[in-house]
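Remarks on the overall topology
Next come the chains, spelled out residue by residue.
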Amino acid sequence: MRLSRPDLMLVLAAALLALFPLTDSTFYIQLVTKIMIMSIFALSLDLLVGYTGLISFGHAAYFGLAGYALALMTPKYEAVALWWTLPAAMAVCALFALLTGLLVLRTRGIYFIMVTLAFAQMLFFIFHDTKLGGGSDGIYIYAKPLVAIGSVKLLDLERLHHFYYLVLIFLVAVYVFLRVLLRSTFGHALVGIKVNEHRMRALGFPAFQYKLASYTIAGALGGLAGYLASLQFGFVNPEILSWHQSGAVLMMVILGGMGTLYGPVVGAFAFVLLQEFFSNEAWLGALAKHWQLAMGVSIILVALFLPRGLSGLPALFDRRTSQTESGHG
């Protein structure tokens, strides 16, 4: 089977990510691990924004909820098994998405955006203002989960390389899962609902149930990203539930390109690397204090000149090349 250019690029990117730990640079391995986690987070949101047409501004709710679920399930100095804590954390997120989805999906447009934000802020204040989430200081996770079968330890998540490859495996698995899902009848129905929901209803598709299923799956996958992020940093605090986090992941999707799957991954890499560059005082000196301004300008420029995001660059280049060749002809 002949692979398309995007598929070839993805295979090459996966191979490069698999080889990257050979650089043996602790800082950059941790950075790329963080980016891959945010890529999973962005992929989960792209299912809503890019394919279902639901612009959520409260997606950080699932990211933070899974992290807190892990922290609350983990005894202070005792490791728990990943085999049950990960499904449990994702199940909590899926259940929250299912219950809130029954309400928020009855709204549209700006009202949908505001209600998703409201639910996320509700969770934020629950963990911020009560002892359940440790207040503004959050909760530390002192022992990372065990990945073992019986007495045989498969991975030691305390080791940097082991955790890196676990995250890479999950990133590839989420990408493949979404690709298969979106090529199925379910995926085509979601795209149809995004384009013209009334027509899909007239054809007999239960649009509300399809959107609810998409919303629930996106919540569970967002929870996967939050679970991995809490493992990497070893603590959770209310900030991971805030609207800033929801806004950041939405910008990743827009920056990379909505509705492409690989676009959110490109956007996550671009967003985090730009943030690291603009906030680096060693490179930019005093200008690094204003890195948010530089980030904002960069995203505005992409939105203005690359409406399909960074993932649309190859197609734009091909189109201009063909126009140039036809002009010479």
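Look a little higher up for the structure.
Just so you know, these numbers come straight off a predicted model, no measurement behind them.

**Some details on the nonpolar core**
Counting residues in hydrophobic clusters, the biggest one holds 94 residues, and the most contacted among them are Y227 and L228. Sort the elements by how many residues they give to this core and helix α2 (residues 26-52) lands first, with 16 residues.

**Quick notes on the side chain of T33**
Mapped onto the fold, T33 is located in helix α2. When neighbours within four sequence positions are excluded, T33 is seen to be in contact with F163, Y164, V167 and Q232.

**Looking at the packing of aromatic side chains**
Within this structure, the stated rule accounts for 15 aromatic pairs. Note on F27 and Y28: the rings are 5.0 Å apart at their centroids and 80° apart in plane angle, and the pair reads as edge-to-face. On the accessibility criterion, Y28 (42% relative accessible area) is partly exposed. Ring plane angle 25° and centroid distance 4.5 Å describe the contact between F41 and F63, whose orientation is recorded as stacked. Pair noted here: F41 is in helix α2 and F63 is in helix α3 (residues 60-73), with a separation of 22 residues, a long-range link. This pair shows no difference in class: F41 is buried, exactly as F63 is. Among the aromatic residues, those joined into a cluster by ring pairs are Y62, F96, F112, F119 and Y215.

**Focus on the pairing of strand β3 (residues 152-155)**
Strand direction decides the pairing type here: strand β2 (residues 147-149) and β3, joined by three bridges, are antiparallel. Across the sheet, residue A148 finds its bridge partner in β3, namely K153. Hairpin connection, β2 to β3: the antiparallel pair is bridged by two residues, and G150 has positive phi, about 65°.

**Quick look at the environment of A229**
Mapped onto the elements of the fold, A229 is located in helix α9 (residues 207-233). The class of A229 is buried, set by a relative accessible area of 8%. Linking A229 and I37, residues 192 residues apart in sequence, is a C-alpha distance of 6.5 Å. Once you skip the residues sitting within four places of it in the chain, A229 turns out to touch I37 and F63.

Basis of the calculations
- Residues numbered from 1 in each chain as written.
- Predicted model: local features only at pLDDT ≥ 70, side-chain atom pairs only at ≥ 80, totals over all residues.
- Heavy atoms only, no water.
- Core = buried A, V, L, I, M, F, W, Y, C linked by side-chain atoms within 4.5 Å.
- Buried < 20%, exposed > 50% of the residue type's maximum accessible area, 1.4 Å probe, protein only.
- Helix = DSSP H or I, 4+ residues; strand = E, 2+ residues; numbered from the N terminus.
- Contact = heavy atoms within 4.5 Å.
- Phe/Tyr/Trp six-rings, centres within 6.5 Å; stacked < 30°, edge-to-face > 60°.
- Pairing = 2+ DSSP bridges.

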